[in-house]
Number of protein chains: 2
Amino acid sequence: MSVITIERKVLEKNDDVAATNRARFKKHGLFVFNLVSSPGAGKTSLLEAVVTRLKGRTAIGVVEGDVQTDLDAQRVAKLGVPAVQVITRGGCHLEAPLVRQAIEAMDLSKLKVLVIENVGNLVCPANYDLGEALKVVVLSTTEGDDKPLKYPAMFKNAQVLVINKVDLLPYVNCNIEQMKRNAREINPELLIFETSATTGAGIGAFCEWICSKAGCICA
Amino acid sequence: MSVITIERKVLEKNDDVAATNRARFKKHGLFVFNLVSSPGAGKTSLLEAVVTRLKGRTAIGVVEGDVQTDLDAQRVAKLGVPAVQVITRGGCHLEAPLVRQAIEAMDLSKLKVLVIENVGNLVCPANYDLGEALKVVVLSTTEGDDKPLKYPAMFKNAQVLVINKVDLLPYVNCNIEQMKRNAREINPELLIFETSATTGAGIGAFCEWICSKAGCICA
């Protein structure tokens, strides 16, 4: 009982800071999304493909969340966009105060789009508001079509599903139509994209959606 | 600070129950391992391959942990071995009291090997002792070779690493030798198997290891 009370307090505090983050993003007219998935679903590769396509067209920045290492921020920074790494040191998800700390190090007035790449975890990040406009969940074809049913909270709390690694469909036991049906059983409102960060398939459509939200021009 | 105190109490309680579970397993001469990985790394498929190979040779039982659904226990039970599903209803890892509850429903005196398949999560289950002899972490080639560095606690706390989906190596950006080096950088003592639950590659060697631990005959 006391644990639940304290958890609620932690979430309340998180939500207060998330509201402050959201107000700051709004002030700067920033479109912010929270990118979530299992480890290895391809969040960073997807982000590299998106940044490569959009960086000449809009001002995009990235906050990278990881349990350990700054490997991901290094990958994104190589593309010439602002990237800040948050290391949770064992923590299984990002929280709003960590994001607040990360954005202190960025000039938000120069950005139009901010992507927050969460820790790879299909469970815990579902319940934490960071101040983002919405959550984008990435699910790779190699994980199998049953995952939306087995990890429902994440698919319920996301507005967009990106099914990544579609280039591997011939080699894996995954029925993509069944995967989409399972996802829509949990959340009928999900907007779904099919991508491959490796071949570039579907990246254009996902970038167009980002631009439609950020008000930039995506040729 | 109070959160940390309560967390410590929760872990202490968990460890007490884990010790009780361990004593029960020992009484029955049972070899028990805790199977952990990201969602979709192939834990259940690996388990199906292992059960299919071992069920005529030793008495194997399974506890399945999932956030939601009993799909995995259904899959394993179809093979004709005892399987109990634990549904955590949002919980991101198994705890020792949940395992105690699950084994109440099993006749342990009839088993030689018990596999506890944890919730798919490469972060949180690392810190929870369930009473098992050891943790086996499954990492699929599709997740990328950097994962041991990014999720170190799991690789540090496991004794065995199974690199699964080796049949997909030609199609993914994964250097398996680098993956092994990264894993051994975190934990030099790791015993490593390379498997494909799809083609059957390496399943024999992994089963031989299980038999060497459980004292059964694996022809």
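Everything quoted here is computed from the prediction, not taken from an experiment. (Residues numbered from 1 in each chain as written. Chains lettered and ligands numbered in written order. Predicted model: local features only at pLDDT ≥ 70, side-chain atom pairs only at ≥ 80, totals over all residues. Heavy atoms only, no water.)

Asker: Even after reading the chapter, I still don't get the interface of chain A and chain B, so can you show me in this structure?
Answerer: It is common to give the size of an interface as the accessible area that goes away when the parts come together. Opposite the 35 residues of chain A that make contact, chain B presents 35 residues. Of the roughly 2,600 Å² buried where chain A meets chain B, counting both sides, 66% is carbon and sulfur surface. If you sort the residues of chain A by the area they bury against chain B, Pro39, Lys150 and Tyr171 of chain A come out on top, with a joint share of 22%. Where chain A packs against chain B, one counts four salt bridges. Of the charged contacts, one joins Lys150 of chain B and Asp66 of chain A as a salt bridge, the two residues approaching to 3.6 Å between their closest N and O atoms. Breaking the side of chain A that touches chain B down by element, the ones donating at least two residues are helix H1 (2-27), helix H3 (71-77) and helix H5 (147-150) of chain A. Of the residues forming the side of chain A that touches chain B, the biggest block, four residues, is contributed by H1 of chain A. Considering only residue class, the side of chain A that touches chain B consists of 17 nonpolar, 10 polar and eight charged. (Contact = heavy atoms within 4.5 Å. Buried area = accessible area lost by both parts, 1.4 Å probe. Salt bridge = Lys/Arg side-chain N within 4 Å of Asp/Glu carboxyl O. Helix = DSSP H or I, 4+ residues; strand = E, 2+ residues; numbered from the N terminus. Nonpolar A, V, L, I, M, F, W, Y, C, P; charged D, E, K, R; others polar.)

Asker: How do you make sense of helix H2 (residues 43-54) of chain A when you look at a structure like this?
Answerer: A turn of α-helix holds 3.6 residues, and therefore any two residues three or four places apart point the same way. A rise of 1.5 Å per residue sets the reference length of H2 of chain A, with its 12 residues, at 16 Å; its end C-alpha atoms lie 16 Å apart and thus fit the reference within 8%. By the burial criterion, the buried members of H2 of chain A are Lys43, Thr44, Leu46, Leu47, Ala49, Val50, Val51 and Leu54 of chain A. (Expected span 1.5 Å × (residues − 1). Buried < 20%, exposed > 50% of the residue type's maximum accessible area, 1.4 Å probe, protein only.)

Asker: Looking at this structure, how should I read the packing of H2 of chain A against helix H8 (residues 203-214) of chain A?
Answerer: Helix packing for two helices is described by the angle between their axes and how far apart those axes are. Residues and elements named next belong to chain A. Their axes nearest at 10 Å, the elements H2 and H8 cross at an angle of 65 degrees. Put simply, H2 runs roughly perpendicular to H8. At the point where H2 passes H8, the crossing takes the right-handed sense. The segment H2 lies against H8, with Leu46, Ala49, Val50, Arg53 and Leu54 engaging Ile203, Gly204, Phe206, Cys207, Ile210 and Cys211. Grouping the constituent residues of the contact of H2 with H8 by class yields nine nonpolar, one polar and one charged. (Axes fitted to C-alpha atoms, helices over the stretch in contact; angles between N-to-C directions. Parallel < 35°, antiparallel > 145°, perpendicular 65-115°, else oblique. Left-handed = near helix turned anticlockwise from the far one by under 90°.)

Asker: How should I be thinking about the packing of aromatic side chains in this particular structure?
Answerer: For any pair of aromatic rings, the description rests on two quantities: the centre-to-centre distance and the angle between the ring planes. All names here are of chain B. Applying the stated criterion across every chain, the model contains 15 aromatic pairs over all chains. Judged by centre distance (6.2 Å) and plane angle (75 degrees), the rings of Phe33 and Phe206 are edge-to-face. Highlighted residues: Phe33 in strand S1 (residues 31-37) and Phe206 in helix H8 (residues 203-214), separated in sequence by 173 residues. Taking relative accessible area as the criterion, Phe33 reaches 2% and is therefore assigned buried. Between Phe193 and Phe206 the ring centres are 5.5 Å apart and the planes differ by 65 degrees, which places this aromatic pair in the edge-to-face class. (Phe/Tyr/Trp six-rings, centres within 6.5 Å; stacked < 30°, edge-to-face > 60°.)

Asker: Would you mind showing me how to read empty space enclosed by the protein here?
Answerer: One simple way to see leftover space: roll a probe sized like a water molecule over the atoms. In the structure shown here, the tally under the stated rule is one cavity of 30 Å³ or more. Lining the largest cavity are 13 residues, with Ser140, Thr142 and Glu143 of chain A together with Thr142 and Glu143 of chain B sitting closest to its centre. The residue makeup of the lining of the largest cavity, split by class, is four nonpolar, six polar and three charged. (1 Å grid on protein atoms, 1.4 Å probe; cavity = no way out; pocket = protein on both sides within 12 Å on 5 of 7 lines; lining within 4 Å. Points joined across faces, edges and corners; volume = space filled by probe spheres on them.)

Asker: I keep staring at the side chain of Asp72 of chain B and nothing clicks. Help me out?
Answerer: Within the secondary structure, Asp72 of chain B is located in helix H3 (residues 71-77). Classification of Asp72 of chain B as buried rests on a relative accessible area of 0%.

Asker: Looking at this structure, how should I read the sheet that holds strand S4 (residues 113-117) of chain B?
Answerer: Pairing between the strands of a sheet comes from backbone hydrogen bonds, and it takes one of two forms, parallel or antiparallel. All names here are of chain B. Taken together, the seven strands give an open sheet; going across it, the order is S3-S2-S4-S1-S5-S6-S7, and neighbouring strands pair in parallel fashion. In this open sheet, the two strands that pair with only one neighbour each are strand S3 (83-87) and strand S7 (191-194). Between one strand and the next, the sheet's axes are offset by a mean angle of 20 degrees, whatever the strand orientation. As defined by bridge partners, strand S2 (residues 60-66) adjoins S3 across five bridges and the pair is classed as parallel. Paired with Glu64 across the bridge in S3 is Gln85. In the packing of helix H2 (residues 43-54) onto the sheet, contacts are made with S1, S2, S4, strand S5 (134-140) and strand S6 (160-164), and the angle to S2 comes to roughly 170 degrees. (Pairing = 2+ DSSP bridges.)

Function-wise, these values are silent; they only describe arrangement.
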